[in-house]
Amino acid sequence: MFHKEGAKIILIATFSFTVLLLGSPYVIANPWILKSVQLVLLFLLIMVLQFFRNPKRPLEVNDYQIVAPVDGKVVVIEEVYEAEYFKDKRLQVSIFMSPINVHVTRYCTSGKVKYSKYHPGKYLVAWDPKSSTENERTSVVIENRIFGEILYRQIAGALAKRIVNYAEEGMTVRQGADAGFIKFGSRVDIYLPLGTEVNVKLGQKAVGNQTIIAIKNHG
């Protein structure tokens, strides 16, 4: 299944591939060059299709768990000063997505959207620490009944040129539902209350809607 944000691009890519594939034998006489061109075209189409894939990953909503909002690699686990919304120290967990990862953003927890803001900015590589505050990005705060306020930030990378964010202030959102999409390489930061029990390690592969990022014990 493909994400709705890729519908237009997939349609254009498929149409272009078909036209070029059918037309290439009329302009390329050398069979080896023709075959190479056709393989390159097929590869590019596959890359577009895989980038916009949206695998179904149902989960049982659990307010005592923060789940990974995206697929990727855990690159940051540290205490930082969050200057935009909380203006105090938070525990930051960051997940870096390569171009081959699923780029759907999902809500890491359920609750009410208290804050949602888009920031234009630069396109530094997503693993640069400055990307969190200087790149194009969106910041969303969800108030969860167990964890309190959780902020997640979608960050554009060197290739990403568009961030899609569905969260609007006042909305009630469900853990695991689609929250947006980041096109072509990016990163997501999650800001948790200090003392939160983190359930992942640096370098670990995270899977959206499956990997548990943090846990709060009952009682």
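Our subject is the structure that appears above.
Residues numbered from 1 in each chain as written. Predicted model: local features only at pLDDT ≥ 70, side-chain atom pairs only at ≥ 80, totals over all residues. Heavy atoms only, no water.

A. Just the packing of aromatic side chains, in detail. As enumerated under the stated definition, the model contains 3 aromatic pairs in all. Aromatic side chains Tyr85 and Phe86 sit 5.1 Å apart centroid to centroid with 85° between the ring planes, which places their arrangement in the edge-to-face category. Look at Phe86 and you get buried, because its relative accessible area is 12%. Aromatic pair Tyr107 and Tyr152: ring centres 6.5 Å apart, planes at 75°, arrangement edge-to-face. (Phe/Tyr/Trp six-rings, centres within 6.5 Å; stacked < 30°, edge-to-face > 60°. Buried < 20%, exposed > 50% of the residue type's maximum accessible area, 1.4 Å probe, protein only.)

B. Representation of the sheet that holds strand S12 (residues 197–198). Read across the sheet, 3 strands follow the order S1-S14-S12 without closing on themselves; strand pairing throughout is antiparallel. Edge strands, defined here as strands with exactly one partner in the open sheet, are strand S1 (65–67) and S12. Two elements, S12 and strand S14 (residues 212–215), share 2 bridges in a ladder whose sense is antiparallel. By the bridge assignment, Glu197 is partnered in S14 with Ile215. (Pairing = 2+ DSSP bridges. Helix = DSSP H or I, 4+ residues; strand = E, 2+ residues; numbered from the N terminus.)

C. Expanded view of the pairing of strand S2 (residues 72–82). Where S2 lies against strand S13 (residues 205–206), 2 bridges are found, and the strand directions are antiparallel. Its bridge partner being in S13, Gly72 is matched across the sheet by Ala206. Both S2 and strand S3 (residues 88–97) contribute to a ladder of 9 bridges, which runs antiparallel. If you follow Glu79 over to S3, its bridge partner there is Leu91. Hairpin connection of S2 to S3: 5 residues between the antiparallel strands, including Lys87 at a positive phi of 55°.

D. Geometry of unusual backbone geometry. For Lys87, which is not glycine, the phi dihedral falls at a positive 55°. Within the secondary structure, Lys87 is located in the loop between S2 and S3. One non-glycine residue, Asn209, lies in the positive phi region at around 70°. Structurally, the position occupied by Asn209 is in the loop between S13 and S14.

E. Inspection of a nonpolar patch on the surface at higher detail. Residues Val40, Phe43, Leu44, Met47 and Ile100 make up a contiguous nonpolar surface patch of about 470 Å² in total accessible area. Relative to the assigned elements, Ile100 resides in the loop between S3 and strand S4 (104–106). (Patch = residues over 30% accessible without salt bridge, like charges linked within 9 Å, V, L, I, M, F, W, Y side chains within 5 Å. Areas by Shrake-Rupley, 256 points an atom, 1.4 Å probe, with all protein chains shown as cover. Salt bridge = Lys/Arg side-chain N within 4 Å of Asp/Glu carboxyl O.)

F. Structural context of the nonpolar core. In this structure, Ile66, Ile95, Ile150, Leu192 and Ile213 are the most contacted members of the largest nonpolar core, which totals 23 residues. For this core, the secondary structure elements donating two or more residues are S3, strand S7 (148–156), strand S11 (186–192) and S14. In terms of residues, this core owes the most to one element, S3, which gives 4 residues. If you look at the next biggest cluster of nonpolar residues, it comprises 8 residues, including Tyr107, Val113, Ile142 and Ala167. (Core = buried A, V, L, I, M, F, W, Y, C linked by side-chain atoms within 4.5 Å.)

G. Fine view of the pattern of salt bridges. For the coordinates displayed, the defined rule picks out 7 salt bridges. With a closest N to O distance of 2.7 Å, Asp71 and Arg57 form a salt bridge. With Asp71 in the loop between S1 and S2 and Arg57 in the loop between helix H2 (31–51) and S1, the pair connects residues that are 14 residues apart, well separated along the chain. An identical accessibility class is assigned to Asp71 and Arg57; each is buried. Note that Arg153 and Glu82 form a salt bridge whose closest N and O atoms lie 2.9 Å from each other. Of the two residues, Arg153 sits in strand S7 while Glu82 sits in strand S2, which places them 71 residues apart along the sequence. Across the pair, Glu82 and Arg153 agree in class, each one buried. It is possible to trace a salt-bridge network through shared partners that takes in Glu82, Glu84 and Arg153.

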